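# Survey of secondary and tertiary structure
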Amino acid sequence: ILLQKTLLNIEGLGRQLDATLDLWPVAQPVLEYILRERYSPQQLLAEMRANSSVEIRDLRPGLREAKGVQRVYHATDTHWNDAGAMIASRRIHEKVATWFPGIDISPPQGSFATRAGPGGDLARLLAMEDRFTEEYIEWQPAGPARSRPLSHQENARDVALYECPTCKGPIVVMNQDSFNENLA
C-alpha cells in the first residue's frame with residue numbers, strides 16, 4: 001500500500017511538470033513482480049509452514065489434476081464447485097487416514113447433477129448475475145448425511161459444528177468454509 005501511495009504521489013508531482021506523464025507502463029511490471037513473488041500462494045504456504053506448528057495441506061495439486069477431467073471451480077464465482085469440494089475433501093481424508101488408520105474415509109455414495117442458476121459472486125460484483133448465469137455442479141447424496149449440525153446459531157458463520165453419532169474417529173472442528181455442509 002505504501003508503494004502504491006508513493007507511486008501515486010510521484011505521478012501527481014510528475015504531472016505538474018509534464019501533463020502527459022504516465023508511470024503505469026513502468027510501474028506495472030514491477031508491481032506484478034512484487035505481488036507474484038511476495039504474495040503468491042507458494043509464498044503464503046512457505047510462510048505458514050515456517051511459522052506454524054499446524055501441518056498445512058496444499059489442496060491445489062489434486063484440483064489442478066482434476067481440472068483436466070472436469071470443472072472444479074464455478075465459472076462466475078471465486079469458489080470451487082461441489083466437484084472441487086469433493087476432491088479437496090478426499091485430499092484431507094487421505095491425510096487424516098495416516099493419523100487415524102482405522103477411520104472410514106470411503107467416499108459417500110451419490111452423483112453429481114447440474115442446474116442453471118444466477119451467476120456467482122463475480123457476476124454479483126458487476127450486478128450482472130442475471131446476465132452471467134452459472135451451471136452449478138452439485139453433489140446429490142444417495143443416502144442421508146453421516147453427520148448433522150450440532151446446533152444452529154443465528155449469524156454464526158465462522159464455525160460450523162456437526163456431530164456424527166455412528167462415526168468412529170477424532171472430533172473435528174472446522175472453520176466455516178463453502179463446502180462444510182457437503183462434507184458432513
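## Observations regarding the overall build of the protein chain
Summing up its helical and strand segments, the protein chain has 7 helices and 6 strands in all. What you see in the protein chain, going N to C, is helices and strands ordered as α-α-α-α-α-β-α-β-β-β-β-β-α. Relative to its full complement of 184 residues, the protein chain shows a buried share of 22%. In the protein chain, the proportion of contacts linking residues at least 24 apart, taken out of those at least 6 apart, comes to 44%. For the protein chain, the exposed area adds up to about 13,800 Å²; of that, 57% sits on carbon and sulfur atoms.

## Topic: the nonpolar core
Grouped together as the largest cluster of nonpolar side chains are 8 residues: L59, L63, A66, V72, W80, A85, I87 and A88. Elements represented by at least two residues in this core include exactly α4 (60–67) and α5 (82–99). A total of 3 residues in this core trace back to one element, the largest contributor, which is α5.

## Description of the pattern of salt bridges
Applying the stated criterion across every chain yields a total of 6 salt bridges. With its nearest N and O atoms 3.1 Å apart, the salt bridge here joins E55 to K95. With E55 in the loop between α3 (41–50) and α4 and K95 in helix α5, the pair connects residues that are 40 residues apart, well separated along the chain. According to the relative accessible area criterion, E55 is partly exposed, its value standing at 44%. Members of the salt-bridge network, linked through shared partners, are R71, E134 and E135.

## What about α5?
Over its 18 residues, α5 extends 26 Å from the first C-alpha to the last, a length consistent with the 26 Å expected when each residue adds 1.5 Å. Regarding α5, the residues found buried are D82, A83, G84, A85, M86, I87, A88, S89 and V96.

## A word on the environment of P61
With respect to the helices and strands, P61 occurs in helix α4. A sequence separation of 30 residues divides P61 from R91, and the C-alpha atoms of the two residues are 9.6 Å apart.

## Re the side chain of D58
Position of D58 among the secondary structure elements: in the loop between α3 and α4. In terms of polar contacts, D58 uses its side chain to reach the side chain of R60, at 2.9 Å. Excluding residues within four positions of it along the chain, D58 makes contact with L45, R49 and R91.

## What about the side chain of D77?
Inspection of the secondary structure puts D77 in the loop between α4 and α5. Here D77 is buried and forms no salt bridge, its nearest opposite-charge partner R124 lying at an N-O distance of 4.5 Å. Within the local environment of D77, its side chain forms a polar contact with the side chain of H79, the two groups lying 2.5 Å apart. Only 3.2 Å separates the side chain of D77 from the backbone nitrogen of D121, close enough to count as a polar contact. If near-sequence neighbours (up to four positions away) are discounted, D77 is found in contact with G120, D121, L122, R124 and E134.

## Details of the packing of aromatic side chains
This structure, assessed with the given rule, holds 1 aromatic pair. Between F112 and W139 the ring centres are 5.0 Å apart and the planes differ by 70°, which places this aromatic pair in the edge-to-face class. Pair noted here: F112 is in strand β1 (residues 110–117) and W139 is in strand β2 (residues 134–141), with a separation of 27 residues, a long-range link. Overall, W139 belongs to the buried group, its relative accessible area being 13%. The ring of Y136 carries R115 above its face, with NZ or CZ at 4.6 Å from the centroid.

What counts, and at which threshold
Residues numbered from 1 in each chain as written. Predicted model: local features only at pLDDT ≥ 70, side-chain atom pairs only at ≥ 80, totals over all residues. Heavy atoms only, no water. Helix = DSSP H or I, 4+ residues; strand = E, 2+ residues; numbered from the N terminus. Buried < 20%, exposed > 50% of the residue type's maximum accessible area, 1.4 Å probe, protein only. Contact = heavy atoms within 4.5 Å. Areas by Shrake-Rupley, 256 points an atom, 1.4 Å probe, with all protein chains shown as cover. Core = buried A, V, L, I, M, F, W, Y, C linked by side-chain atoms within 4.5 Å. Salt bridge = Lys/Arg side-chain N within 4 Å of Asp/Glu carboxyl O. Expected span 1.5 Å × (residues − 1). Polar contact = N/O pair within 3.5 Å; in protein donor to acceptor, adjacent residues only side chain to side chain. Lys, Arg positive; Asp, Glu negative; His and termini not counted. Phe/Tyr/Trp six-rings, centres within 6.5 Å; stacked < 30°, edge-to-face > 60°. Lys NZ or Arg CZ within 6 Å of the ring centre and 35° of its normal.

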